Amino acid sequence: MAFPDRIERTVEVAQPPGQVWAALTTAEGLSGWFGHEAAIDLRPGGSASMKWDSYTADMRVERVEEPAVFGFTWHIYGLPEDDPRRTYVEFTLEPAGTGTRLTVVESGFAQLSEDAYREAYGGNTEGWASELGELAGYLDAAS
Amino acid sequence: MPPPDIEAIAEQVFVALADPSRRAILAALASGGPATATDLAARLPITRQAIAKHLALLAEAGLVTAEPGERRRVRYRLHSAPMQVAQQFLAAMARDWDRPLGALKDHLSKGDTQ
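Residues numbered from 1 in each chain as written. Chains lettered and ligands numbered in written order. Predicted model: local features only at pLDDT ≥ 70, side-chain atom pairs only at ≥ 80, totals over all residues.

Bringing the overall build of chain A into the picture now. Along its length, chain A carries four helices and seven strands. Ordered by position from N to C terminus, the α and β elements of chain A give β-α-α-β-β-β-β-β-β-α-α. By the burial criterion, 23% of the 143 residues in chain A qualify as buried. Pairs at least 24 residues apart make up 33% of the contacts formed inside chain A by residues separated by at least 6 positions. (Helix = DSSP H or I, 4+ residues; strand = E, 2+ residues; numbered from the N terminus. Buried ≥ 20, exposed ≤ 12 C-beta atoms within 10 Å, placed from the backbone. Contact = placed C-beta atoms within 7 Å.)

Here we take up the overall build of chain B. Each helix and strand in chain B was counted, giving six helices and three strands. Secondary structure elements of chain B, listed N to C terminal, follow the sequence α-α-β-α-α-β-β-α-α. Principal-axis analysis of the C-alpha atoms places the extent of chain B at approximately 75 × 40 × 20 Å. Among the 114 residues that make up chain B, the fraction classed as buried is 34%.

Here we come to the nonpolar core. Residue and element names in this part refer to chain B. In this structure, Ala 10, Val 13, Leu 55, Leu 58 and Val 64 are the most contacted members of the largest nonpolar core, which totals 27 residues. Counting residues per element, the ones that place at least two in this core are helix H1 (6-17), helix H2 (20-32), helix H3 (37-43), helix H4 (48-60), strand S2 (64-66), strand S3 (75-78) and helix H5 (81-94). The contact partners of Ala 10, leaving out residues within four places of it in the chain, are Val 85, Ala 86 and Phe 89. (Core = buried A, V, L, I, M, F, W, Y, C linked by C-beta atoms within 7 Å.)

The residue after Glu 66 of chain A, namely Pro 67 of chain A, is reached through a cis peptide bond having omega -5°. Considering the arrangement of structural elements, one finds Pro 67 of chain A in the loop between strand S4 (56-65) and strand S5 (69-75).

This part takes up the sheet that holds strand S1 (residues 6-13) of chain A. Residues and elements named next belong to chain A. Strand order in the open sheet made by the seven strands is S1-S7-S6-S5-S4-S3-S2, with antiparallel pairing throughout. Strands with a single pairing partner mark the edges of an open sheet, and in this sheet they are S1 and strand S2 (37-40). Strand-to-strand, the axes of this sheet are offset by a mean angle of 20°, without reference to chain direction. By the bridge criterion, seven bridges tie S5 to strand S6 (residues 86-96) in an arrangement that is antiparallel. Bridging from a neighbouring strand, Val 69 pairs with Thr 92 of S6. (Pairing = 2+ DSSP bridges. Axes fitted to C-alpha atoms, helices over the stretch in contact; angles between N-to-C directions.)

Structural data, given as structure tokens:
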């Protein structure tokens with residue numbers, strides 16, 4: 001198996017980096033294409049959020065290098081609310097002619113906290129083997 | 001500590017889930033809580049022998065744990081940690097950037113015409 005830790009996409013848009021930057025880093029811009037509602041405190045460590053009908057994403061702004069790099073972390077969609085793992089999303093804007101080459105990289109899908117590792121891997125090595133032996137014996141006796 | 005071999009954990013989860021009988025056992029434990037092999041045999045159209053075999057595989061994948069108990073009443077409990085590992089692989093594949101990026105393109109070109 002080779003599952004991705006990171007996802008990368010590049011698109012070319014006709015608008016210059018400054019205009020793309022505004023769409024990525026302002027509440028007005030983000031709510032125009034990404035979420036239905038957005039709020040953002042644009043500084044490293046600042047919080048941001050986006051709302052859809054039934055889901056709210058809370059983000060933490062990490063990198064702000066106008067108009068070239070914008071990065072944030074957020075909760076991994078699809079994981080339970082209380083799961084502490086987050087992925088890092090970074091938008092890179094490069095001038096391309098009169099437009100912009102926009103790259104988005106989301107990374108951290110394959111991370112695993114030490115606790116989760118211990119629980120997933122170490123937690124099941126004892127106990128059940130002997131119990132299963134007993135189960136097999138019980139079923140043999142019952143059949 | 002060695003680097004976590006999360007692919008191995010996830011692979012065991014996906015192998016476990018590939019079988020309809022094992023999915024039925026996991027679903028029964030998820031919805032009804034811990035149960036003995038006998039309970040499961042009564043609730044599912046699966047023989048006790050087959051249930052024992054499946055429980056062994058599920059335990060090896062870390063998806064169920066046996067509760068210590070009286071010899072004939074060993075109860076099996078769902079253990080969700082490996083599921084959480086598998087979930088992050090699913091999350092990577094379910095993440096859709098193409099649609100939002102398409103929406104961004106549309107949003108930007110709308111701005112041009114205003």
